[in-house]
Amino acid sequence: MKKIELIKKLAELDRRGVHVMARRDIEKLFPDEGEKAMEKSLQRMVADGLLQRVAKGLYLNPSATSKNRWVAEEIAKALRPGCLSYVSLESILSEYGVISQIPIDRMTVMTTGKSGVVKTPFGTIEFTHTKRGVAEIVKRTMLAKGRPLRIATKQAAIRDLLRVGRNANMIERCELEDAPQGEDA
């Protein structure tokens, strides 16, 4: 892969609002590139600052003008392709003002994919698996303008926190009393 080719393709993707790419997506842009040559090219493009490695097999266009404040959510979405993920637990409860703690460098995400913690240059993303089906998740979450991930409703986030056994002491008592009990993760 040549720099000029990559720059042109990154600019086109940026115009379409794409700035986070999995390695497999980059490989599709350069189908004639062999596996070893692709690995060397990616290393070179990262060293030259044309791409930023944000997680294993995941890259960001650092000069993209389409980047916004939701880069960590774009990364989370790309890390669990084919899975339904949504912001919940402490992250969204802090946004709702239900807890006073503000997660500075951590985003908590519920997912139908596997649990795990991924450190990125944009903060740590903590994935917690849920057994809920897609229809149930859609009922308990909402789309927020401009955000790549769905977000849990306040009550759904409280239920998620209780179901996965997280510290509920930080939640206001009146909020806990309103949360239904006894639901499975």
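Owing to the predicted nature of the structure, the values given are computational and were not obtained by experimental measurement.

## Some details on the packing of aromatic side chains
Step number 1: Scanning all chains against the criterion turns up zero aromatic pairs.
Step number 2: The ring of Phe30 carries Lys9 above its face, with NZ or CZ at 4.6 Å from the centroid.
Step number 3: Its guanidinium or amino end placed over the ring of Phe127, Arg80 lies 4.0 Å from that ring's centre, counting from NZ or CZ.

## Re the pairing of strand β2 (residues 52-55)
Step number 1: When β2 meets strand β3 (residues 58-60), the two strands line up antiparallel, connected through three bridges. Bridging from a neighbouring strand, Gln52 pairs with Leu60 of β3.

## Digging into helix α5 (residues 89-96)
Step number 1: α5 sits mainly inside the fold: six of its eight residues count as buried.
Step number 2: Among all positions of α5, only Leu89, Glu90, Ser91, Ile92, Leu93 and Ser94 are buried.
Step number 3: Close packing links the buried residues of α5 with β4 (85-87), β5 (106-111), β7 (123-129), β9 (150-152) and α7 (154-163).
Step number 4: Looking one or two residues past α5, Gly97 carries a phi angle of roughly 80 degrees, positive in sign.

## Some words on the pattern of salt bridges
Step number 1: Summed over all chains, the structure comprises 14 salt bridges.
Step number 2: For Arg15, the salt bridge identified is with Glu12, shortest N-O distance 3.0 Å. Note that Arg15 and Glu12 are positioned in helix α1 (residues 3-15) at a spacing of three residues, about one turn of the helix.
Step number 3: Judged by relative accessible area, which is 63%, Arg15 ranks as exposed.
Step number 4: Judged by relative accessible area, Glu12 falls into the partly exposed class, the value being 34%.
Step number 5: Glu126 is the partner of Arg166 in a salt bridge, and the nearest nitrogen-oxygen pair spans 3.1 Å. Here the residue Arg166 occupies a position in the loop between α7 and α8 (173-178), and Glu126 occupies one in strand β7, the gap between them amounting to 40 residues.

Conventions adopted
- Residues numbered from 1 in each chain as written.
- Predicted model: local features only at pLDDT ≥ 70, side-chain atom pairs only at ≥ 80, totals over all residues.
- Heavy atoms only, no water.
- Phe/Tyr/Trp six-rings, centres within 6.5 Å; stacked < 30°, edge-to-face > 60°.
- Lys NZ or Arg CZ within 6 Å of the ring centre and 35° of its normal.
- Pairing = 2+ DSSP bridges.
- Helix = DSSP H or I, 4+ residues; strand = E, 2+ residues; numbered from the N terminus.
- Buried < 20%, exposed > 50% of the residue type's maximum accessible area, 1.4 Å probe, protein only.
- Contact = heavy atoms within 4.5 Å.
- Salt bridge = Lys/Arg side-chain N within 4 Å of Asp/Glu carboxyl O.

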